[in-house]
Amino acid sequence: MKRKLSLVLTMMIIISSFTSFANEDMNLTSKSAILIDANSGTVLYEKNSHEKLPPASVTKIMSMLLTMEALSEGRIKLDDKVTISEKASSMGGSQLFLEPGEIKTVDELLKGIAVASANDGCVAMAEYIYGSEEAFVKKMNEKAQELGMKDTHFANTNGLPIQDHYTSAYDISLMSKELIKYKEIHKYLKIWMDEIVVGKKHKKIGLVNTNKLVRFYKGANGIKTGFTNEAKFCLSASATRDDLTLIAVVLGAPSSKERFNEASSLLNYGFANYETIKIYDQNQVVKKIKLEKADPENIELTCEGPLYYLNKKGDKKDFKEKIVIDENFKFPIKKGQKIGEVQIYKDKKVVMKSNLVSNKDVKKAGYIKMLNKVLNSILN
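These remarks concern the structure in this document.

How each quantity is defined
Residues numbered from 1 in each chain as written. Predicted model: local features only at pLDDT ≥ 70, side-chain atom pairs only at ≥ 80, totals over all residues. Heavy atoms only, no water. Buried < 20%, exposed > 50% of the residue type's maximum accessible area, 1.4 Å probe, protein only. Helix = DSSP H or I, 4+ residues; strand = E, 2+ residues; numbered from the N terminus. Axes fitted to C-alpha atoms, helices over the stretch in contact; angles between N-to-C directions. Left-handed = near helix turned anticlockwise from the far one by under 90°. Contact = heavy atoms within 4.5 Å. Nonpolar A, V, L, I, M, F, W, Y, C, P; charged D, E, K, R; others polar. Pairing = 2+ DSSP bridges. 1 Å grid on protein atoms, 1.4 Å probe; cavity = no way out; pocket = protein on both sides within 12 Å on 5 of 7 lines; lining within 4 Å. Points joined across faces, edges and corners; volume = space filled by probe spheres on them. Expected span 1.5 Å × (residues − 1). Arc of directions from axis to C-beta.

Side note on helix α3 (residues 106-116)
In terms of residue burial, α3 counts as a mostly covered element, since nine of its eleven residues are buried. Among the residues of α3, those classed as buried are Val106, Leu109, Leu110, Lys111, Gly112, Ile113, Ala114, Val115 and Ala116.

Re the packing of helix α1 (residues 60-72) against helix α4 (residues 119-130)
Where α1 meets α4, the axes come as close as 11 Å, and the angle between the chain directions of the two elements is 40°. As for the relative orientation of α1 and α4, their crossing is left-handed in sense. Residues Lys60, Ser63, Leu66, Thr67 and Ala70 of α1 lie in contact with α4, whose contacting residues are Asn119, Cys122, Met125 and Ile129. For the contact of α1 with α4, the class distribution of residues is five nonpolar, three polar and one charged.

Some words on the sheet that holds strand β7 (residues 220-228)
Taking strand neighbours across the sheet as the criterion, the five strands line up as β2-β1-β9-β8-β7 in an open arrangement whose pairing is antiparallel. The sheet terminates laterally at β2 (43-47) and β7, the two strands that pair on one side only. The sheet shows a mean angle of 5° between the axes of neighbouring strands, direction not considered. Relative to strand β8 (residues 232-241), β7 runs antiparallel, the two being bridged by eight bridges. Bridge pairing links Thr225 to Leu235 in β8. The strands that helix α6 (residues 169-179) touches are β1 (32-37), β2, β7, β8 and β9 (244-253); relative to β9, the one it contacts most, it runs at about 140°.

Topic: the side chain of Ser63
Here Ser63 lies in helix α1. Looking at Ser63, the relative accessible area reads 3%, which means it is buried. Those residues within four positions of Ser63 in sequence are excluded, and the remaining contacts are Cys122, Phe136, Met140 and Thr157.

Details of the sheet that holds strand β15 (residues 320-325)
As summarised here, the arrangement of the five strands in space is β11-β13-β17-β16-β15, forming an open sheet in which the pairing is antiparallel. Taken across any chain shown, the strands that pair with only one partner, and hence form the sheet edges, are β11 (285-290) and β15. On average, each strand axis in the sheet is tilted by 30° relative to the strand beside it, whichever way the strands run. Pairing geometry for β11 and strand β13 (residues 298-303), over five bridges, is antiparallel. Across the sheet, residue Lys290 finds its bridge partner in β13, namely Asn298.

Notes on empty space enclosed by the protein
What the rule picks out here adds up to one cavity of 30 Å³ or more. Taken together, Pro54, Pro55, Ala56, Gly159, Leu160, Pro161, Ile162, His165, Thr228 and Glu230 form the lining of the largest cavity. Classifying every residue of the lining of the largest cavity by side-chain character gives six nonpolar, three polar and one charged.

Digging into the pairing of strand β16 (residues 338-346)
With seven of nine residues buried, β16 is to be regarded as a mostly interior element. Examined bridge by bridge, β15 and β16 share six bridges and lie antiparallel to one another. When the sheet's bridge partners are listed, Lys320 is paired in β16 with Tyr345. Two elements, β16 and strand β17 (residues 349-358), share eight bridges in a ladder whose sense is antiparallel. Looking at β17, one finds that Glu341 is bridged to Asn355. Hairpin geometry of β16 and β17 is characterised by an intervening segment of two residues between the two adjacent antiparallel strands and by a positive phi of about 55° at Asp347.

What about helix α5 (residues 133-146)?
The terminal C-alpha atoms of α5, which comprises 14 residues, lie 20 Å apart, in line with the 20 Å expected from a rise of 1.5 Å per residue. Of all the positions in α5, only Glu133, Phe136, Val137, Met140, Asn141, Lys143 and Ala144 are classed as buried. Projected onto a plane normal to the axis of α5, the buried residues spread over an arc of 160° and lie on a single side. Exposed positions of α5 whose direction lies more than 90 degrees from the buried face are Glu134, Lys138 and Gln145. Elements in contact with the buried residues of α5: α1, α2 (86-89) and α4. Looking one or two places after α5, you find Gly148, whose phi comes out positive at around 80°.

These values are about where atoms sit, not about what they do.
Shown next as structure tokens:
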């Protein structure tokens, strides 16, 4: 099913104790930067984070996101065969050197995009999923609006220099956060070295991840680099340690070394100062209830979550929980239907909440079953 922003599983209310260190002097040379918690979206640092800038190949995060969306919806499969067009093969820049008429699988093209930043692979996937690059770009902009990316307009799929193509560090963090929700994408983003066979002569070429943090930074698991003369050196980097996942974005760094150093510094700050406390896993049973007129009458309510709390290290961790059950639902109850809500309190404030849903289909008990229940209660 299509993932929609309104159905984001983790729902946080950011409280005042989460303060950004946006005004602290980090001595960043990049034009723009941001650090966020990937679970809650809490901004932990920002520098000119809404400045509209060319993103170069960081654009491909959105291209990969739409590809993963199409895969999750079953519209395409990893072993689907994609015929390379003249247009796709003519892209230049970072590429797989695909030839017109050549056939590649979705799996191979996705690997090429994630690891080698393949411009030709992006156009090939765009044409395969939506028929043309233009139609795909339209979907990119629609998805950007859905995610609340107000500083963004895409004009192509791969970030090659073109007029009216821009985004911001903040917006990149939003689409990065959405992309890494897909567990399947991580097997591509974390590849350090691989190879692929391309061309009519079936030449084997090596692939080396353009994101050096994947090899050299502890916990790094994505996401995408970019460079053009106009954009300079760009990077969206993600890393996970324990239950804490952070996303650092830098745009307009003066050198490749600086973009990796500055992204690392941002991530280091986050891991040094924050921790994630897991309250509930997704689908974890939170409450068991008994409904007299239900069949079955015993129902387990699970967290639509997961629920994570971003805590500043050293702050107290005492939480209180309140379960609110809806009173006006009607039978039949469908699996996954909202029955109530779990609210987590800290210092008398709601700091997070999630829907509680039924883990099974439940119908209204029939006349015979209700009669048996009455008789049993009388006899017992």
